[in-house]
Amino acid sequence: HKTAGEYQSHVYITLADGTQKLLGATQFTVSEITAEEFGVTEQSEDKGTFVVEARGLKSASGIEKLEFAIWGETGGQNDLQWYQVSADENGIYRKEISIANHKYETGKYNVHMYVTAGNGLSMAVPTMTEVTAPKVAITSEDKTGEEKSYTVKISNPGVYGELKKVEFATWSEKGGQDDMVWYQGSRNSDGSYEANVEISRHKTAGEYQSHVYITLADGTQKLLGATQFTVSDLKCEKISVENYNEATGAFRVKIEGVESPSGIKNVSVPVWCSADQSDIRWYTAEKVSEKEYMVYVDPVYHQSHSGEYKIHVYVDAGNGVSAIVGTTSCNVQAPGLYSIMGDTTTDAAQLERYYISSGHVYPSSIYASRGAADLSTFCRIYIEEAAAEGVRAEVAFAQSMLETGWLQFSPTGIVKPEQCNFAGLGAVDGNSQGQCASFPDVRTGVRAQIQHLKAYGSRNALNNSCVDPRFHLVSRGTALYVQYLGQKENPLGVGWATSPGYGYRIVNMIYSLKEQ
């Protein structure tokens, strides 16, 4: 029946002979569907939305379904949308409508409510509302606070017509538009468009501009407006030079207060002395605390030049921004020649990496029974024994690699691997194989080599008992520098070896070692 109101029900009987009689009637009433309130309750010009609400809906049979049919009057019903709505816990039917779903039409909107009760009755209630054009807002936001990515967004661009695309032309103000990137906007359900600006694509701190362009279906392009945001400059509170060593010309660069909201990826320090930067070296600073970094500078990396060393500090942040954060300088008097005696400027790990870089395999099968089962132990022994006598470990280690061919030894050479003689002590030209100094284990052999180096590089007494069988044959202190270990380069005509450039080859190996 699907009708409310008074109902009649008459009772008829039909007898066996076909006679039909009206016996009487009964009546009942079917209630109307009622609604206390229906209409548009809220409008948001900023969002381009309005709220349709129905309250106090009643039917004795219950409410089975409620729908809002909504369309803008200016376009006929070409933007008609049906919204099926459920009641909340208070029995209120509420729906926020975005004009983005209605082709951004403005002016009068038809809002119809259709209700179906549990008994099949239905009710239609019409109303109208006036809709004004929504505001177009353009924003930018750093959602994580790390300054790595900014969300640029425009609300309600569809008010200008059917959109083909939305683009955000973004650049940093430093350098003009040399880093401009066109970001394609993606549409959200509310009709807004947004894009993520990745700072790593621009690599610049400072003010940013993001201009919003729309392209309509007919190809027309329009600039709707712009938004701005700022990427913080990299910070560095202080750069200082400390621990200058007058004997070696080495010093440390201390870099304090380094920070960026995106984190610090790397701190690089180029250092040079020559005017043409021919001796420039880029150091990677070591992080020593949360905001503090350190670099160790040695003139040996700069062709042992003396003069004013220029020091620049560059920081690479986590968002791709790189910048020079400060400069300083240091006046250096380099020793020129590499001294045998002095503080070791490498560690065991560097010695180990240097050996591995040669591509050779450490002969553990030979030295395991002689106190150095692995390369790490072998390198540590050099550090320890050099420290005991005040000899630079890098000098002794580089010399041993030169003398032994990276511990491989020549099969026809004078020294055999098991003799633990790592610097050819007693291997005089013309001797037969094995006719040279021999030591019971690795440590004793290393100690003998270092003591022999001390014999040339110093006139001081040994700290350990002498195990170098040729120590007494050396004129003490006649080769203070590694370069003078070669007799042909030594001003006194004495030295460790007769081959030309012997000491210089060792120095070159030391430079390579320090690169590890």
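Our subject is the structure listed above.
The following paragraphs examine the structure supplied in this document.

Parameters and conventions
Counting of residues starts from 1 at the beginning of each chain's written sequence and follows it residue by residue. With pLDDT at 70 or above as the cut-off, local features in this predicted model cover only qualifying residues; side-chain atom pairs require 80 or more to be listed or tallied, and sums for whole chains, interfaces and linings still use all residues. Hydrogen atoms and water are omitted, and side-chain values are computed over all heavy atoms in the structure. Secondary structure elements follow DSSP: runs of H or I of four or more residues count as helices, runs of E of two or more count as strands, with numbering from the N terminus. Relative accessibility decides the category of a residue: with a 1.4 Å probe and only protein chains considered, values under 20% of the type maximum give buried, values over 50% give exposed, and everything between is partly exposed. One bridge is not enough; two strands pair if DSSP finds at least two bridges between them. Axis definition: a line fit to C-alpha positions, over the contact stretch in the case of helices; interaxial angles, taken between N-to-C directions, run 0 to 180 degrees. In the sections that follow, a salt bridge refers to a side-chain nitrogen of Lys or Arg positioned within 4 Å of a carboxyl oxygen of Asp or Glu. Angle categories: roughly parallel below 35 degrees, roughly antiparallel above 145, roughly perpendicular from 65 to 115, and oblique for all the rest. Only heavy atoms enter the contact rule, under which two residues are in contact if any of them lie within 4.5 Å. Nonpolar core, defined: a set of buried Ala, Val, Leu, Ile, Met, Phe, Trp, Tyr and Cys residues in which side-chain atoms within 4.5 Å join the residues together. For patches, a residue must show more than 30% relative accessible area and have no salt bridge; joins then use 9 Å for like charges and 5 Å for nonpolar side chains, namely Val, Leu, Ile, Met, Phe, Trp and Tyr. Values of accessible area rely on a 1.4 Å probe in the Shrake-Rupley scheme; residue burial ignores everything except the protein chains shown.

Quick word on the environment of Gly175
Relative to the helices and strands, Gly175 resides in the loop between β12 (163–172) and β13 (181–184). Residue classification places Gly175 among the exposed residues on the basis of a relative accessible area of 56%. Sequence spacing of Gly175 and Ser240 is 65 residues, and the spatial spacing of their C-alpha atoms is 30 Å.

Overview of the sheet that holds strand β25 (residues 322–332)
If you walk across this open sheet you meet the 4 strands as β21-β20-β24-β25, and the pairing is antiparallel. The open sheet is flanked by β21 (281–284) and β25, the only strands paired with a single partner. The sheet shows a mean angle of 25 degrees between the axes of neighbouring strands, direction not considered. Looking at chain direction, strand β20 (residues 264–272) and strand β24 (residues 307–317) are connected through 6 bridges and run antiparallel.

Considering the pattern of salt bridges
Counted according to the given criterion, the structure contains 17 salt bridges. Between Glu259 and Lys291 there is a salt bridge, with its nearest N and O atoms 3.5 Å apart. Of the two residues, Glu259 sits in the loop between β19 (251–256) and β20 while Lys291 sits in the loop between β22 (286–289) and β23 (292–297), which places them 32 residues apart along the sequence. Take Glu259: its relative accessible area is 27%, and that puts it in the partly exposed class. Where Lys514 meets Asp298, a salt bridge forms, and the shortest distance between an N and an O atom there is 3.2 Å. Of this pair, Lys514 sits in helix α6 (residues 502–514) while Asp298 sits in the loop between β23 and β24, placing them 216 residues apart in sequence. Taking relative accessible area as the criterion, Asp298 reaches 2% and is therefore assigned buried. Connected through salt bridges with shared partners, the residues Arg380, Glu384, Glu385, Arg443 and Arg447 form a single ionic network.

What to know about the packing of helix α1 (residues 348–357) against α6
Where α1 contacts α6, the axes come no closer than 9 Å and their chain directions differ by 105 degrees. Relative to α6, α1 is oriented roughly perpendicular. Residues Gln350, Leu351 and Tyr354 of α1 form the contact with α6, whose own contacting residues are Met509, Ser512, Leu513 and Lys514.

Some details on the nonpolar core
The biggest cluster of nonpolar side chains holds 56 residues, and the ones touching the most others in it are Phe378, Phe397, Phe422, Val442, Leu485 and Trp496. Elements represented by at least two residues in this core include exactly α1, α3 (375–389), α4 (393–404), α5 (442–457) and α6. Ranked by the residues each element gives to this core, the list is headed by α5, at 7 residues. Apart from the residues lying within four places of it in its own chain, the contact partners of Trp496 are Gln399, Glu403, Ala423, Leu425, Gln449, His452, Leu453, Tyr456, Leu485 and Tyr502. Grouped together as the second largest cluster of nonpolar side chains are 46 residues, Phe251, Cys273, Ala285 and Cys330 included.

With respect to a nonpolar patch on the surface
Together, Val11, Ile13, Leu15 and Leu23 line one region of the surface with nonpolar side chains, adding up to about 320 Å² of accessible area. Of note, Val11 is situated in strand β1 (residues 5–14).

With respect to unusual backbone geometry
Of all residues except glycine, most have a negative phi; of all peptide bonds, most are trans. Residues other than glycine seldom take positive phi values, yet Asn156 does so here, at roughly 60 degrees. Mapped onto the elements, Asn156 comes out in the loop between β11 (149–154) and β12. Of note, Lys203 is a non-glycine position whose phi angle comes to about 60 degrees, a positive value. Checked against the element boundaries, Lys203 lands in the loop between β15 (193–198) and β16 (206–216).

So, the environment of Phe397
Inspection of the secondary structure puts Phe397 in helix α4. On the accessibility criterion, Phe397 (0% relative accessible area) is buried. Residues Phe397 and Ala386 lie 11 residues apart in sequence; the distance between their C-alpha atoms is 9.5 Å. In this view, Phe397 contacts Leu351, Tyr354, Tyr355, Phe378, Cys379, Tyr382 and Leu513; residues no more than four positions away in its chain are not counted.

Considering the pairing of β13
Here β13 shows a clear split, with Val181 and Tyr183 buried on one side and none of Trp182 and Gln184 buried on the other. Both β12 and β13 contribute to a ladder of 4 bridges, which runs antiparallel. In the sheet register, Glu167 faces β13, and the bridge partner there is Gln184.

Topic: the side chain of Ser192
Counting through the fold element by element, Ser192 comes out in the loop between β14 (186–187) and β15. Leaving out residues up to four positions away in the same chain, Ser192 has contacts with Lys153, Ile154, Ser155, Asn156, Pro157, Ser186 and Arg187.

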